Amino acid sequence: MIEFKQVTRHIGAEVSGVDLRKPLSEGEAEEIRRGWLEHKVLFFRDQHITDEEHIRFAENFGTINHPAFKKDSGTPIHVLDQTDPKGEGGDEWHSDNTFEPIPPMGSLLRCVQLPSVGGDTLWANACMAYETLSPAIQRLCEELTAVHDITASMKKAISKGHDFDLAEIQAKWPPIERPVVRVHAETGRKALFVNRASTTRLVQLSDRENEALLPYLIDHIRSPEYQVRLNWRPGTLAFWDNRSTQHYAVADYTERRRMHRVTINAFPEHLDPEYRSS
């Protein structure tokens, strides 16, 4: 029997009673989906699976999103192999790829190799971040849109030695405008949808107003009450909802850390209404 053990009050649960080496039944997939929507990030321990099993598990919940910057496009597995991660972008609170025309729905990240100490990941509940704003600020945010731009994160990657053509990437993913408050397509809960990695300005506000409000909204997600922290072990898989969370990879290690990630898009029936005609 599949069971969910809550890790913190507002986000995160460890899942037991399922073997990811085996195909899921329709009932098992639906049960995991319900737990995922409730807890927003699920942790599966001691799942020593292959890349093929990882992909098969992910396909129960969405369609494969091929990594935006991956050089070899033969597999949807994105290998994160790092020894010097500080400043590469993961060590900022963010939702994945909010610059894409339709941001990915979720990600499934599996631990393959760890440094002797460090390398944790944190997730924060973006719905709680919205719900704990004062009603007046909530109303203001619901009237606002924000620009999401890939430029800053690409400049960081290039400065760390990654071989990207900035002009080509900017042409492929130009800045895009998104609501500051996102309504979850499946739960109906509202979430604060701005992040430090890619949100550059609030469209309807002046520069001075942006200087005051945007940093506050971005930093609001950092409240510990909204967060869960995962201490990885090889064989751990984390599955998070990109629509209702942000995450942060702690860059506190200098030994090799190797993770395999599959990112998924929503099935058509689970798309946000604004994306259904995209």
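- If you look the protein up in an unreviewed UniProt entry, it shows as Taurine dioxygenase from Planomonospora venezuelensis.
- Regarding the protein, the relevant UniProt record gives this comment under Sequence similarities (unreviewed entry): "Belongs to the TfdA dioxygenase family."

Quick look at the overall build of the protein
At step 1: When helices and strands are tallied, the protein shows seven helices and 16 strands.
At step 2: Its C-alpha atoms give the protein a radius of gyration of 18 Å, within 12% of the compact-globule value 19 Å for 278 residues.
At step 3: Along the longest, intermediate and shortest principal axes, the C-alpha atoms of the protein span 55 × 40 × 40 Å.
At step 4: Burial statistics for the protein: of 278 residues in total, 52% are counted as buried.
At step 5: Excluding contacts between residues fewer than 6 apart, the proportion of contacts in the protein whose partners are at least 24 apart in sequence is 82%.
At step 6: Of the roughly 13100 Å² that the protein leaves accessible, carbon and sulfur atoms contribute 50%.
At step 7: Taken together, the 34 basic and 42 acidic charged side chains of the protein have centroids lying 2 Å from each other.

Things to note about the packing of aromatic side chains
At step 1: According to the stated counting rule, one finds 10 aromatic pairs in the structure shown.
At step 2: Look at Trp36 and Phe239: their rings are 4.6 Å apart centre to centre, the planes differ by 10°, and that puts the pair in the stacked class. Taken as a pair, Trp36 in helix α1 (residues 26-39) and Phe239 in strand β14 (residues 237-241) lie far apart in primary sequence, 203 residues in all.
At step 3: Residues Trp93 and Tyr248 carry aromatic rings whose centres are separated by 5.6 Å and whose planes lie at 45° to one another, so their mutual orientation is tilted. Of this pair, Trp93 sits in the loop between β5 (78-82) and β6 (106-113) while Tyr248 sits in strand β15 (residues 245-249), and the two are 155 residues apart along the sequence.
At step 4: In this structure Trp93 comes out as buried when scored by relative accessible area, which is 10%.
At step 5: Here the aromatic cluster, defined as three or more aromatic residues joined through ring pairs, consists of Trp36, Phe44, Phe57, Phe61 and Phe239.

With respect to helix α5 (residues 151-159)
At step 1: Among all positions in α5, only Thr151, Met154 and Ala157 are buried. Buried positions in α5, seen along its axis, are confined to an arc of 125° and lie on one side of it. Looking at α5, the residues exposed on the side facing more than 90 degrees away from the buried face are Lys155 and Ser159.
At step 2: On its buried face, α5 sits against α6 (166-172).
At step 3: Where α5 terminates, the next one or two residues include Gly161, which has phi positive at roughly 100°.

What about the sheet that holds β15?
At step 1: Taken in spatial order, the three strands line up as β13-β7-β15 in an open sheet, and their pairing is antiparallel. Strands at the two margins of the open sheet, each flanked by one partner only, are β13 (227-230) and β15. Direction aside, neighbouring strands of the sheet carry axes that sit 20° apart on average.

Some points on the side chain of His260
At step 1: Take His260: it is sitting in strand β16 (residues 257-265).
At step 2: Leaving out residues up to four positions away in the same chain, His260 has contacts with Asp51, His54, Ile77, His78, Val79, Leu108, Leu109, Arg110 and Val112.

Let's talk about the sheet that holds strand β8 (residues 145-148)
At step 1: In spatial order, the strands read β9-β8-β12; together these three strands make up an open sheet with antiparallel pairing. Each edge of the open sheet is held by one strand with a lone partner, namely β9 (176-179) and β12 (199-202). The mean inter-strand angle of the sheet, taken between neighbouring strand axes irrespective of direction, is 35°.
At step 2: The sheet contact formed by β8 and β9 spans four bridges and is antiparallel. Note on β9: the bridge partner recorded for Thr145 is Pro179.

Here is what the cut-offs are and how they apply
- Residues numbered from 1 in each chain as written.
- Predicted model: local features only at pLDDT ≥ 70, side-chain atom pairs only at ≥ 80, totals over all residues.
- Heavy atoms only, no water.
- UniProt positions renumbered as here; feature names shortened; annotations may be inferred.
- Helix = DSSP H or I, 4+ residues; strand = E, 2+ residues; numbered from the N terminus.
- Rg over C-alpha atoms; globule rule 2.2 N^0.38 Å.
- Buried < 20%, exposed > 50% of the residue type's maximum accessible area, 1.4 Å probe, protein only.
- Contact = heavy atoms within 4.5 Å.
- Areas by Shrake-Rupley, 256 points an atom, 1.4 Å probe, with all protein chains shown as cover.
- Lys, Arg positive; Asp, Glu negative; His and termini not counted.
- Charge placed at Lys NZ, Arg CZ, Asp CG, Glu CD.
- Phe/Tyr/Trp six-rings, centres within 6.5 Å; stacked < 30°, edge-to-face > 60°.
- Arc of directions from axis to C-beta.
- Pairing = 2+ DSSP bridges.
- Axes fitted to C-alpha atoms, helices over the stretch in contact; angles between N-to-C directions.

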